[in-house]
Each structure stands twice: as structure tokens, then as C-alpha cells.
Amino acid sequence: MAGHSQFKNIMHRKGAQDAKRAKQFAKVIREITVATREGMPDPAMNPRLRAAISAAREVNMPKDTVERAIKKASGAGGGDDYTEVRYEGYGPAGVAVIVEGLTDNRNRTASDVRAAFSKHGGSLGETNSVSFMFTRLGVITYPLDAASEDDLIEAGLEAGAENVETVDGMHEVTCPVESFFAVRDALETRFGEPASAKLDWRPGNTVELDEDKARSVFKLIDTLEDHDDVQAVYANFDVPDDVAEKLSA
């Protein structure tokens, strides 16, 4: 469970992030833009767009903002042209870090990400230099009162899920990447919209950090997450609860 606790720690540390709502909206709009152009503007026919709209709900993006983003992305030549990028490297204390982004300028983003690693005691590596230490999988969560664990196991396994367990007070369903949309849609049909549904990188093992090392790692992650081109940051650290509480105070 150590791999899960690092995500809990990040959530705990970032509990008061309302001031970053505009930046969150901008990141979700980029994903909506890419998803719309990759497929169709109709969510029913575009699984990635459905996932992007779900992410928009998670950050409380107004429905009309979502609709405007889809309309703009589906217009002839409207909006920016984004490319998916992934960077990998090591942060302080040898923590492995994966950075996913959407950019309209690869050179700028690569330079900025490299500078962030260097500034905070890390180093940017080559593609696949740390991803072998993680597993890429789909993660779908439901509140405990949405369904029984047995019902979720039955429906999830039938649709292609690998595991169902209770994590941080939520039912968590995990599945292979290639089964993600099928599993999510099957569960949504039976149990309603999930609390969250996304692709994730989960570490095979973690590096436990003391307060000083955790502070350094958090600074790197904060810098990366604050960049407009960065969509998500994953790392294989674990922070004891007492340290996480000190750093979030």
C-alpha cells in the first residue's frame, strides 16, 4: 500500500488549492482540445473526450465552459495545436519522476522541465529511464455507498478489471490501460458516474522520505505542476503521515 499512500500525501498536501482553479481549468481545456481533435466532438463516440469531461467535473468546471472548449476545438483551425509529451528523471533523494504534458512548443517545455529538475536537485533523464519502475494502469473510484465491493468486483472483472479494493475511504477499481474505457463505461452504466476515472502511473516500490528530503521533492513537484504545459506528475516516494502533517501545516 506504500504506493497508494504517496498519492494520499500529495492530496493532503494540496488540500487548499482553490487559488489554482484557473490553472486547473486551463489544463483540462487542453485535454478537451486534444481529445476532441483526436476523435469526435460527441462524447458518446469519443472515450477520451468523456474522460476529459469527467476530469472537468472533478475540478468543478462549468458545463458551458466545457461546451465552449469542445466547440472551439472542433472548429476549422480553431485554437492551439498541442502535442503530448512525457519526461522522466530523478528528483532529490533518488526519487523517480514522470512528467506528462501537452505543449504547443516542445523545445520550450523540455527546456523548462530540465531547468526545474536542475534547480531542485534532480536530473532529467531519457525516455523510459524511470518508467520501467512504474505500472501504467486505469484507475476508477467510487464512493463506498455507490455499490458494494462484491458488486463492483463482479461488474469490474466481467468488463476486464484486474482488482477492486478499498483505498482511502473509496472503492478503487484498477485495470489494464487497453481495458480502461470499456471498464469505466461498464461500471458507469451500472453504478452511475464514478468519482474519478483516469490513467495513472503506479510505482512498483517507493522511497521513504524524511522531512527535509520530502520538502525538497515537494518543491520540485510543485514547480513542475505549476507549469502550464504539465498535465500530471508522478513519483515513487512515500512520506510518513506525521511528516506529511508537518509539511501541510
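- As recorded by an unreviewed UniProt entry, the chain carries the name Probable transcriptional regulatory protein CFR76_11420 and is attributed to Komagataeibacter swingsii.
- In the Subcellular location (unreviewed entry) part of its UniProt record, the chain is described as follows: "Cytoplasm".
- Per UniProt, the chain has the following entry under Sequence similarities (unreviewed entry): "Belongs to the TACO1 family."

A few points about the environment of Asp 238
1) Next: The residue Asp 238 is located in strand 10 (residues 237–238) in this model.
2) Next: On a C-alpha basis, the gap between Asp 238 and Asp 210 in space is 9.3 Å, while along the polypeptide they are 28 residues apart.

Concerning the pairing of strand 5 (residues 163–167)
1) Next: By the bridge criterion, five bridges tie strand 5 to strand 6 (residues 170–176) in an arrangement that is antiparallel. Residue pairing in the sheet places Asn 163 in a bridge with Thr 174 of strand 6.

So, the domain arrangement of the chain
1) Next: As far as domains go, the chain holds domain 1 (15–72), domain 2 (81–130 + 204–246) and domain 3 (133–201).
2) Next: Computed over C-alpha atoms only, the centres of domain 1 and domain 2 are separated by 23 Å.
3) Next: If you look at the interface, domain 1 gives 10 residues, while domain 2 gives 12 residues.
4) Next: Here domain 1 and domain 2 share an interface that buries about 980 Å² over both sides, 39% of which is from carbon and sulfur atoms.
5) Next: Three residues stand out in domain 1 for area buried against domain 2, namely Lys 23, Lys 27 and Arg 30, and they jointly supply 61% of the buried area on that side.
6) Next: Linking domain 1 to domain 2 there are three salt bridges.
7) Next: In this structure, Arg 48 engages Glu 84 in a salt bridge whose closest nitrogen and oxygen atoms are separated by 3.1 Å.
8) Next: Remark: the boundary between domain 1 and domain 2 carries nine residue pairs in polar contact (both at pLDDT 80 or more).

Considerations on helix 8 (residues 211–225)
1) Next: Given a rise of 1.5 Å per residue, 15 residues ought to cover 21 Å, and the 20 Å separating the end C-alpha atoms of helix 8 matches this to within 8%.
2) Next: When helix 8 is considered as a whole, its buried residues turn out to be Ala 214, Val 217, Phe 218, Leu 220, Ile 221 and Leu 224. Viewed along the axis of helix 8, the buried residues span an arc of 160 degrees, placing them on a single side of the element.
3) Next: Residue Asp 210 occupies the N-cap position of helix 8, its side-chain oxygen lying 3.3 Å from the main-chain nitrogen of Asp 212.

A closer look at the pattern of salt bridges
1) Next: All chains considered together, the criterion is met by 17 salt bridges.
2) Next: In this structure, Glu 211 engages Arg 215 in a salt bridge whose closest nitrogen and oxygen atoms are separated by 2.7 Å. A residue pair is termed a helical-turn pair when its members lie 3 or 4 positions apart in one helix, as Glu 211 and Arg 215 do in helix 8 at four residues.
3) Next: Glu 211 gets classed as partly exposed once you look at its relative accessible area, which sits at 26%.
4) Next: Classification of Arg 215 by relative accessible area gives partly exposed; the value is 36%.
5) Next: Between Lys 246 and Glu 211 there is a salt bridge, with its nearest N and O atoms 3.8 Å apart. Placement of Lys 246 in helix 9 (residues 241–248) and of Glu 211 in helix 8 is noted, with a sequence separation of 35 residues between them.
6) Next: Take Lys 246: its relative accessible area is 54%, and that puts it in the exposed class.
7) Next: One network of salt bridges, with partners in common, ties together Arg 30, Asp 104, Arg 108 and Asp 229.

Conventions adopted
Residues numbered from 1 in each chain as written. Predicted model: local features only at pLDDT ≥ 70, side-chain atom pairs only at ≥ 80, totals over all residues. Heavy atoms only, no water. UniProt positions renumbered as here; feature names shortened; annotations may be inferred. Helix = DSSP H or I, 4+ residues; strand = E, 2+ residues; numbered from the N terminus. Pairing = 2+ DSSP bridges. Domains from an automatic or database assignment. Contact = heavy atoms within 4.5 Å. Buried area = accessible area lost by both parts, 1.4 Å probe. Salt bridge = Lys/Arg side-chain N within 4 Å of Asp/Glu carboxyl O. Polar contact = N/O pair within 3.5 Å; in protein donor to acceptor, adjacent residues only side chain to side chain. Expected span 1.5 Å × (residues − 1). Buried < 20%, exposed > 50% of the residue type's maximum accessible area, 1.4 Å probe, protein only. Arc of directions from axis to C-beta.

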